[in-house]
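In case you want the letters, here they are:
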Amino acid sequence: MRKLAALTVMLSSFIAFAGGETTGANPPVPKKKVTVIVDAGHGGHDPGNLNSTKGMKQEKDLNLSIAKKLGDYLGEYLPNQVEVIYTRDSDKFIALENRVSVANAKKADYFISVHCNANDKKHVHGTETHIHNADSKVSKELADEIQSQFANRAGRESRGTKIKHDRGYNLLVLKDSKMPAVLVECGFMTNSTEEAYLNSDRGQSLIASAIFRAFRD
């Protein structure tokens, strides 16, 4: 009888050690979601770059379409890892400082601003991703990955990652954001071929998916 009792105690101890006994065990702590600010540039009375071809959209509208597609990809494929916050989800004006203050107040982990480019020379085309400066290591890594995805997966012409030295001026949403931040120029509205691409659902989807894959990777 004593041997049976001792065996029962040993067996109970083994089950508890092996995980068969859950009473009193702490539940797993869920990982914190990564907060991503998706910023559609311009809006409301600020159209950004104007269309070059009749019937094509203004920059503010292109930015919003691409930004929403990016947010949809993040929500669909990373639902448990990422929380998406839009600076705007409709055609309204948001001041630059307010875009930054939302990101900083939410203590966001990343800030991704979506824009479309323009140039007096109509042959100029391709994508650029802007960061504040080269010291922003995580920002640079994300920007470089976005440009890689554009070139290698989306078939876009990459003009590279740009810093304030390349631009000759600061971008407030990059300079004042307290988290890794990038501003993506998705193409040139002044190039007729690229403008048509930017206005197409397929083009917007490919651009948004390239940014998504870069962020995911």
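Residues numbered from 1 in each chain as written. Predicted model: local features only at pLDDT ≥ 70, side-chain atom pairs only at ≥ 80, totals over all residues. Heavy atoms only, no water.

A. Here's a closer look at the sheet that holds strand β5 (residues 158-162). Spatially, the six strands line up as an open sheet ordered β2-β1-β3-β6-β4-β5, and their pairing is mixed. The two strands at the open ends of the sheet, each matched to only one other strand, are β2 (82-86) and β5. Averaged over all neighbouring strand pairs, the angle between strand axes comes to 20 degrees, with direction disregarded. Here strand β1 (residues 34-40) pairs with strand β3 (residues 110-117) via five bridges, running parallel. Among the inter-strand pairings, Asp-39 is bridged to a residue of β3, identified as Ser-113. (Pairing = 2+ DSSP bridges. Helix = DSSP H or I, 4+ residues; strand = E, 2+ residues; numbered from the N terminus. Axes fitted to C-alpha atoms, helices over the stretch in contact; angles between N-to-C directions.)

B. Expanded view of the packing of helix α2 (residues 59-77) against helix α8 (residues 201-216). For the pair α2 and α8, interaxial distance at closest approach is 8 Å and the crossing angle is 50 degrees. In terms of their interaxial angle, α2 and α8 are classed as oblique. You can see that α2 and α8 cross each other, and the crossing is right-handed. Contact residues: Leu-62, Ser-65, Ile-66, Lys-69, Leu-70, Tyr-73, Leu-74 and Tyr-77 in α2; Asp-201, Gln-204, Ser-205, Ile-207, Ala-208, Ser-209, Ile-211, Phe-212 and Phe-215 in α8. Residue composition of the contact of α2 with α8, by class: eleven nonpolar, four polar and two charged. (Parallel < 35°, antiparallel > 145°, perpendicular 65-115°, else oblique. Left-handed = near helix turned anticlockwise from the far one by under 90°. Contact = heavy atoms within 4.5 Å. Nonpolar A, V, L, I, M, F, W, Y, C, P; charged D, E, K, R; others polar.)

C. Molecular detail of the packing of aromatic side chains. A complete count under the given rule lists four aromatic pairs for this structure. The interplanar angle of 25 degrees and the centroid separation of 6.3 Å between the aromatic rings of Tyr-73 and Tyr-77 together place this pair among those described as stacked. On the criterion of helical spacing, the pair formed by Tyr-73 and Tyr-77 is a turn pair, its members being four residues apart in helix α2. Among the residues examined, Tyr-77 registers a relative accessible area of 48% and is labelled partly exposed. Cation over ring: Arg-156 sits above Tyr-197, and NZ or CZ is 3.9 Å from the ring centre. (Phe/Tyr/Trp six-rings, centres within 6.5 Å; stacked < 30°, edge-to-face > 60°. Buried < 20%, exposed > 50% of the residue type's maximum accessible area, 1.4 Å probe, protein only. Lys NZ or Arg CZ within 6 Å of the ring centre and 35° of its normal.)

D. Here's a closer look at the pairing of strand β4 (residues 127-130). Because side chains alternate across β4, one face comprises the buried residues Thr-127 and Thr-129, and the other comprises Glu-128 and His-130, equally buried. Pairing between β4 and β5: three bridges, direction parallel. Bridge pairing links His-130 to Lys-162 in β5. Read as a crossover between parallel neighbours, the route from β4 over helix α4 (residues 137-152) to β5 is right-handed. Strand direction decides the pairing type here: β4 and strand β6 (residues 181-188), joined by three bridges, are antiparallel. Looking at β6, one finds that Thr-129 is bridged to Val-184. (Right-handed = clockwise from strand over helix to strand, strands pointing away.)

E. Structural view of the pattern of salt bridges. The final tally for this structure, using the stated rule, is nine salt bridges. A salt bridge links Lys-32 to Asp-109; the shortest N-O distance between them is 3.3 Å. You can see Lys-32 sitting in the loop between α1 (2-18) and β1 and its partner Asp-109 sitting in the loop between α3 (96-105) and β3, a full 77 residues away along the chain. Given the relative accessible area of 61%, Lys-32 is considered exposed. (Salt bridge = Lys/Arg side-chain N within 4 Å of Asp/Glu carboxyl O.)

By themselves, these observations are geometric and do not establish any function.
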